[in-house]
Amino acid sequence: MVIFKNINDIKKYISLKKEGERKVGFIPTMGALHAGHISLIQKAKEDNTLSVCSIFVNPTQFNDKKDLEKYPVSTDADIELLLNAGCDVLFLPSVEEIYPDGEANFKTYDFGYLDTILEGAKRPGHFRGVGQVVGRLLEIVMPDSLYIGQKDYQQCMVLKKLAPMMGLDNLEVIICPTTREADGLAMSSRNRRLTEPQRVVAAVIYQCLVSIQSKQLTSHFDIVRKECEDLLAAKGFATEYVALADARDLTLLSDYKTDAPMVALIATKIGEIRLIDNMLL
Ligand code: PAF
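Let me begin by describing the structure that accompanies this report. Quick caveat, the model's predicted, so the values are computed rather than measured.

Structural notes on the pattern of salt bridges
Counting across every chain of the model gives 14 salt bridges. Here R123 makes a salt bridge to D67, at a shortest N to O gap of 4.0 Å. Note that R123 is positioned in the loop between α6 (118-122) and α7 (126-141) and D67 in helix α3 (residues 65-69), a separation of 56 residues in sequence. Summarising the burial analysis for this pair, R123 and D67 share the class buried. A salt bridge links E272 to K70; its shortest N-O distance comes to 3.1 Å. With E272 in the loop between β8 (262-270) and β9 (273-280) and K70 in the loop between α3 and α4 (75-85), the pair connects residues that are 202 residues apart, well separated along the chain. When salt bridges with common partners are traced through the structure, they connect D67, K70, R123, R190, R193 and E272 into a single cluster.

Take a look at the structure:
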């Protein structure tokens, strides 16, 4: 694996490799890598001849500065995992490298409706920051395909919108299934911050999603939502939303539909740790 910290060097390397008609698969991350990230690397390796991963904890997508300060960093362990996974290139830039003229001076994108609901509403400015950094990284790496995890469902929809906004009509945005722990908890870098008892109860989020899915033909969503909110509260969670939406455009739904693909989404906090998850119905 070749590691680059500098934009010009990685650009030169990738453009040389592209001359050999290579297909580049890109996996942007914020580090603290886990099996979910590694599944994205594996998929990118299957589909492409060059896999490029980035690790950059992007300050512009943290609406809560405390969350940024506490974001887990484990670069040495991450490099080890990427080496074992057979990743070809790692881009490890500094904040100054990505935002040399200050964060405010780099292009942002307007995601409209997607920025007004769920994560957009609860984390003002978050998707603006995600669009800004992924836009910047795409301009540097110029991949053929982008690999992202379904766990951040709304982010997936935002990034699907970003590609055409940037004029990257040929970029394939590939959404990979959420990797889960044995008890169903979605893998997330934030799980590392859970205490042992918090980790044990965190599986209830998955249980709620399964219950929303399994009751779609026999109940109404407002009833199931209330059951989930009560269950989460009983386990010590402060829930931000339990929502149902059209899986194609994230239009919020007040009840189950039989004629549309749906997605159930949950955001909830235990102690200081905010966890999100979703399930397609
Ligand atoms: O999902 C993430 O880890 C981040 O939001 C991303 C896509 C790497 C942008 O910083």
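Considering the pairing of β9
Across the eight residues that make up β9, a large majority, seven, are buried. With eight bridges connecting them, β8 and β9 associate as antiparallel partners. Across the sheet, the residue bridging to V263 is L280, located in β9. Counting the residues that bridge the hairpin from β8 to β9 gives two residues, and of these G271 lies at a positive phi of roughly 60°.

Quick word on the site of the ligand
Around the ligand, the surrounding shell consists of P28, T29, M30, Q61, V133, V134 and Q155. At a separation of 2.6 Å, an oxygen atom of the ligand approaches a polar side-chain atom of Q61. Here an oxygen atom of the ligand sits 2.7 Å away from a polar atom, N or O, in the side chain of Q155. If the ligand stood free it would expose 290 Å²; the protein chains cover 88% of that surface. Taken together, the residues that form the shell around the ligand break down as four nonpolar, three polar and no charged.

So, the sheet that holds strand β7 (residues 238-246)
The three strands are arranged β7-β8-β9 in an open sheet whose pairing can be described as antiparallel. Unpaired on one side and paired on the other, β7 and β9 mark the two borders of the sheet. Across the sheet, the mean angle separating the axes of adjacent strands is 10° when strand polarity is ignored. Seen against the sheet, helix α11 (residues 221-234) touches β7 and β8 and runs at an angle of roughly 155° to β7.

Considerations on unusual backbone geometry
Here the phi dihedral of A32 falls at roughly 50°; this positive angle occurs in a residue that is not glycine. Checked against the element boundaries, A32 lands in the loop between β2 (24-29) and α2 (35-47). Unusually for a residue other than glycine, L250 sits at a positive phi of about 65°. Position of L250 among the secondary structure elements: in the loop between β7 and β8.

Comments concerning the environment of F62
Structurally, the position occupied by F62 is in the loop between β3 (50-55) and α3. Given a relative accessible area of 4%, F62 falls into the buried group. For F62 and K235, which are 173 residues apart along the polypeptide, the C-alpha to C-alpha distance reads 27 Å. Residues within four places of F62 in sequence aside, it is in contact with M30, V57, D67, L68, Y71, R123 and R190.

Examining the pairing of β3
Counting buried positions over the six residues of β3 gives six, a clear majority of the element. Every second residue of β3 is oriented toward a common face, with L50, V52 and S54 on one face and S51, C53 and I55 on the other, all of them buried. Pairing between β2 and β3: six bridges, direction parallel. Looking at β3, one finds that F26 is bridged to V52. You can see the chain leave β2, run along α2 and come back into β3, and the turn it takes is right-handed. As paired elements, β3 and strand β4 (residues 89-91) share three bridges and run parallel to each other. Bridged to V52 within β4 is V89.

Reading the values: rules and limits
Residues numbered from 1 in each chain as written. Predicted model: local features only at pLDDT ≥ 70, side-chain atom pairs only at ≥ 80, totals over all residues. Heavy atoms only, no water. Salt bridge = Lys/Arg side-chain N within 4 Å of Asp/Glu carboxyl O. Helix = DSSP H or I, 4+ residues; strand = E, 2+ residues; numbered from the N terminus. Buried < 20%, exposed > 50% of the residue type's maximum accessible area, 1.4 Å probe, protein only. Pairing = 2+ DSSP bridges. Near = heavy atom within 4 Å. Polar contact = N/O pair within 3.5 Å; in protein donor to acceptor, adjacent residues only side chain to side chain. Areas by Shrake-Rupley, 256 points an atom, 1.4 Å probe, with all protein chains shown as cover. Nonpolar A, V, L, I, M, F, W, Y, C, P; charged D, E, K, R; others polar. Axes fitted to C-alpha atoms, helices over the stretch in contact; angles between N-to-C directions. Contact = heavy atoms within 4.5 Å. Right-handed = clockwise from strand over helix to strand, strands pointing away.

The values reported here are purely geometric and, on their own, carry no functional implication.
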